[in-house]
Amino acid sequence: MAEVNSTTGNLPGKSRFDQVLGPKVPGVITTSKEQLFGMARKSSLWTLSFGLACCAIEMMSTYMSHYDLDRFGVVTWPSPRQSDVMIVAGTVVKKMEEPIRLLYEQMPDPKWVIAMGSCATNGGPYYKSYSVVMGVDHIIPVDIYVPGCPPRPEALLYGIVKLQEKIMQDSKSNGR
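Residues numbered from 1 in each chain as written. Predicted model: local features only at pLDDT ≥ 70, side-chain atom pairs only at ≥ 80, totals over all residues. Heavy atoms only, no water.

(A) Molecular detail of the pairing of strand β1 (residues 45–51). In terms of strand pairing, β1 meets strand β2 (residues 74–76) through three bridges, oriented parallel. Counted as the bridge partner of T47 is T76 from β2. The handedness of the β1 to β2 crossover, carried by helix α3 (residues 55–62), is right-handed. In this structure, β1 lies alongside strand β3 (residues 85–89), joined through five bridges in parallel fashion. (Pairing = 2+ DSSP bridges. Helix = DSSP H or I, 4+ residues; strand = E, 2+ residues; numbered from the N terminus. Right-handed = clockwise from strand over helix to strand, strands pointing away.)

(B) Region of interest: the pairing of β3. Where burial is concerned, most of β3 is hidden: five out of the five residues are buried. Neither face of β3 is exposed, since V85, I87 and A89 on one face and M86 and V88 on the opposite face are all buried. As judged from the five bridges shared by β3 and strand β4 (residues 112–116), these two strands associate in the parallel manner. Within the sheet, the bridge partner assigned to A89 lies in β4 and is M116. Each parallel crossover has a hand, and for β3 linked through helix α4 (residues 97–106) to β4 it is right-handed. (Buried < 20%, exposed > 50% of the residue type's maximum accessible area, 1.4 Å probe, protein only.)

(C) Spotlight on the sheet that holds β1. Read across the sheet, five strands follow the order β2-β1-β3-β4-β5 without closing on themselves; strand pairing throughout is parallel. One side of each edge strand has no neighbouring strand; the edge strands of this open sheet are β2 and β5 (144–146). Neighbour to neighbour, the strand axes of the sheet diverge by 25° on average, direction disregarded. Note that β4 and β5 share three bridges and pair parallel. Looking at the pairing, A115 lines up with Y145 of β5. (Axes fitted to C-alpha atoms, helices over the stretch in contact; angles between N-to-C directions.)

Just geometry here; none of it tells us what the structure is for.
The following block contains the structure:
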């Protein structure tokens, strides 16, 4: 006859956290305020979308239901004064240098920039053109580069995830 253990029933066993820290600090998790703010920042990115060429179509499709950037906490916002991430998508011509710089300066700190597409990262196929800037990083500092011509929405999603990891890493290094 098989022996039946009825003491635990359907309840899960103790987690590793409860085994190690349960008796010491019940129900309390400690962290630094920098890490807490970093978690909040990475989960609520408001993007200022700056679509200049064909990459903008791919950027727009990333916001649609198939890819759904909302699940990452990313919301597009039309005003630079409430945005914390600028996505520069497409060919940056010299005529657009000053508006890009102005919009970047209007964004509050902390702020991040994603260069999307080979035109925004290094000039793309228009590299030797007299009117094209050889990458938006000649105008403003760039945190994440998303390569491709045009890059697929999955590539932008990967860039957003990498930016979120960078935000958490920065908050951990600042918190010490």
